[in-house]
Amino acid sequence: MRTELASEPGDADRPNEDFAAVGLPASGQGGSVVVLDGVTPPRTGTGCLHSVPWFTARLGGALTELTVSLPDIPLVDALSRAIARTSEAHAATCDLSHPRTPQATVVAARWNPDTVEYLVLSDSALLLESPDGVVTPLLDDRLALLPRSALATDALVDSTFRNMDGGFFTAAADPSVAARAVTGTVPRREVRALAALTDGATRWVERFEEGDWADCFHLIRKEGPQALVDRVRTLERSDATTFLGRGKRHDDATVAFVEF
């Protein structure tokens, strides 16, 4: 088995808010990959004493441990338990009802000799490659489908769309949000490799349109996750405008690759 991870902050002066881990049980049977993209907090605050990296480290660590230690529970249940465990760690000191309480997108995949189970929540991506080279993107596109006008201000997003029906969902303080994730199971024999990417890395496809998801996967397979991150950074630096007027010029970028 080949596993590779690359993760790089968008700004060297700020901590990386992403999380990535690969879990391989001591039994040697199966494994898991977990990738989180922490949501950058607004200047107006989050109602929480803790940073986004604090949150993603605890949520990601809990989810990784649960995917390995409890292989028989569905990923939805593992994420729900991980959110509950993380919330309990700071419920006494922080306002977890705040709409911008620390939160993250989630991608998780777990495999055993028979199946590959997956979970995607919000705008990170999971790519599966079949033995014949076909790449299937598994996406939660609810945020992408919202009209640009719906995302005009943080206040509008928080009051109307964030973690609400008709909007989009992230892992924050409510364990029940796990049931909102895109999930499924495919036969293990139909998956040769997989890659999990935060949206700082998916820019290569979704923003700069350098290729499709298959091209992106083949780049990761051939040159490794860091090569994709490096190419995104080159494209960002060559953009004469402030990232085409769309959000941060540089974002934290993480890629996890697993080849069976």
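Here is a short report on the structure shown in this document. Quick caveat: nothing in here was measured; it's all calculated off a predicted structure.

Quick word on the pairing of strand β7 (residues 135-139)
Thinking step 1. Judged from the five bridges that link them, strand β6 (residues 125-129) and β7 form a sheet pairing that is antiparallel. Following the sheet pairing, Leu127 is matched in β7 by Pro137.
Thinking step 2. Adjacent in sequence and paired antiparallel, β6 and β7 are bridged by five residues, among which Gly133 carries a positive phi angle near 90 degrees.

Let's talk about helix α1 (residues 52-69)
Thinking step 1. Look at α1: 25 Å from first C-alpha to last across 18 residues, which is about the 26 Å you get at 1.5 Å a residue.
Thinking step 2. Every buried residue belonging to α1 is among Val52, Trp54, Phe55, Thr56, Leu59, Gly60, Ala62, Leu63, Thr64, Leu66 and Thr67, and all of these are buried.
Thinking step 3. On its buried face, α1 sits against β2 (18-23), β3 (31-38), α2 (75-90) and β4 (104-111).
Thinking step 4. Backbone nitrogen of Trp54 and a side-chain oxygen of the N-cap are separated by 3.1 Å at the start of α1; the cap is Ser51.

Some words on the packing of aromatic side chains
Thinking step 1. All told, the structure shown has two aromatic pairs when counted by the stated rule.
Thinking step 2. Between the NZ or CZ atom of Arg188 and the centre of the ring of Phe260, over which it lies, the distance is 4.0 Å.

A look at helix α6 (residues 213-223)
Thinking step 1. Of the positions making up α6, those classed as buried are Trp213, Cys216, Phe217, Leu219, Ile220 and Arg221.
Thinking step 2. The residue sitting at the N-terminus of α6 and contributing the capping side-chain oxygen is Asp212; that oxygen lies 3.1 Å from the backbone nitrogen of Ala214.
Thinking step 3. Within two residues after α6, Gly224 carries a phi angle of roughly 95 degrees, on the positive side.

Cut-offs and rules
Residues numbered from 1 in each chain as written. Predicted model: local features only at pLDDT ≥ 70, side-chain atom pairs only at ≥ 80, totals over all residues. Heavy atoms only, no water. Pairing = 2+ DSSP bridges. Helix = DSSP H or I, 4+ residues; strand = E, 2+ residues; numbered from the N terminus. Expected span 1.5 Å × (residues − 1). Buried < 20%, exposed > 50% of the residue type's maximum accessible area, 1.4 Å probe, protein only. Contact = heavy atoms within 4.5 Å. Polar contact = N/O pair within 3.5 Å; in protein donor to acceptor, adjacent residues only side chain to side chain. Phe/Tyr/Trp six-rings, centres within 6.5 Å; stacked < 30°, edge-to-face > 60°. Lys NZ or Arg CZ within 6 Å of the ring centre and 35° of its normal.

In short, geometric facts, not functional conclusions.
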